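One-letter residues, chain by chain:
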Amino acid sequence: MKILTASRVSDRLGPVVYSKYDTPNANGITDFDSQQDAYNKFVNDLTVAISDLQKYKILQQRRMWKIKVW
């Protein structure tokens, strides 16, 4: 949801606060990510999420196999 929302905001308004949300600069202001940087981070975050879900799926399959075998 976070990536979907941020991508829609970026498509409509341009630069968006995404990766620097929790890290204000020296002036206390949060910097914006350019659209290119934001989309690169979206892809990276989605890749990590897919990897995590695939690992979870494998663990679930192993648990089901153990239940069926025993």
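Predicted model, so just to flag it, every value in this text is computed and none were measured. (Residues numbered from 1 in each chain as written. Predicted model: local features only at pLDDT ≥ 70, side-chain atom pairs only at ≥ 80, totals over all residues. Heavy atoms only, no water.)

## Focus on the overall build of the protein chain
Quick note on the threshold: Numbering of helices and strands starts at the N terminus; helices are DSSP runs of H or I of at least 4 residues and strands are runs of E of at least 2. Both definitions apply: the radius of gyration is a C-alpha atom measure, and the globule rule equals 2.2 Å times residues to the power 0.38. Any two residues whose heavy atoms approach within 4.5 Å at even a single point are treated as in contact. For every accessible area listed, the method is Shrake-Rupley and the probe measures 1.4 Å; residues are considered covered only by the protein chains on display. Neither His nor the chain termini are counted; the positive set is Lys and Arg, and the negative set is Asp and Glu. One atom stands in for each charge, and that atom is NZ of Lys, CZ of Arg, CG of Asp or CD of Glu.
Assigned secondary structure in the protein chain consists of 2 helices and 0 strands. The C-alpha radius of gyration computed for the protein chain amounts to 18 Å, which surpasses the reference 11 Å derived for 70 residues by more than 25%, pointing to a less compact arrangement than a globule. If you take every contact in the protein chain between residues at least 6 apart in sequence, the share linking residues at least 24 apart comes to 30%. Total accessible area on the protein chain is roughly 6,100 Å²; 59% of this is exposed by carbon and sulfur atoms. Charge-centre separation for the protein chain: the mean point of 11 positive side chains lies 16 Å from the mean point of 7 negative side chains.

## Concerning the pattern of salt bridges
The following threshold applies: A side-chain nitrogen of Lys or Arg and a carboxyl oxygen of Asp or Glu constitute a salt bridge if their distance falls within 4 Å. Think of it in three bands: residues with accessible area under 20% of the maximum for their type are buried, residues over 50% are exposed, and the middle band is partly exposed, with areas taken using a 1.4 Å probe on protein chains only.
Enumeration according to the criterion identifies 1 salt bridge in this entry. Put simply, aspartate 33 and lysine 20 hold a salt bridge, and the shortest N to O gap is 3.9 Å. Linking aspartate 33 in the loop between α1 (2-13) and α2 (35-69) with lysine 20 in the loop between α1 and α2, this pair joins segments that are 13 residues apart in sequence. Among the residues examined, aspartate 33 registers a relative accessible area of 1% and is labelled buried.

## Describing the packing of aromatic side chains
Just so we agree on the cut-off: Pairing of aromatic side chains requires ring centres within 6.5 Å, counting the rings of Phe and Tyr and the six-membered ring of Trp. Pairs whose planes differ by under 30 degrees are stacked, by over 60 edge-to-face, and all others tilted.
For the structure on display, the rule yields 2 aromatic pairs. Seen in terms of ring centroids, tyrosine 18 and phenylalanine 42 are 4.7 Å apart; in terms of plane orientation they differ by 90 degrees. Their pairing is edge-to-face. With tyrosine 18 in the loop between α1 and α2 and phenylalanine 42 in helix α2, this residue pair connects regions lying 24 residues apart in the sequence. Each member of the pair, tyrosine 18 as well as phenylalanine 42, carries the same accessibility label: buried. On the basis of an interplanar angle of 65 degrees and a centroid distance of 4.9 Å, the ring pair of tyrosine 39 and phenylalanine 42 is categorised as edge-to-face. Within this pair, tyrosine 39 and its partner phenylalanine 42 are both found in helix α2, separated by 3 residues, close to a single helical turn. Put simply, the rings of Tyr18, Tyr39 and Phe42 touch in pairs and so form one group of aromatic residues.

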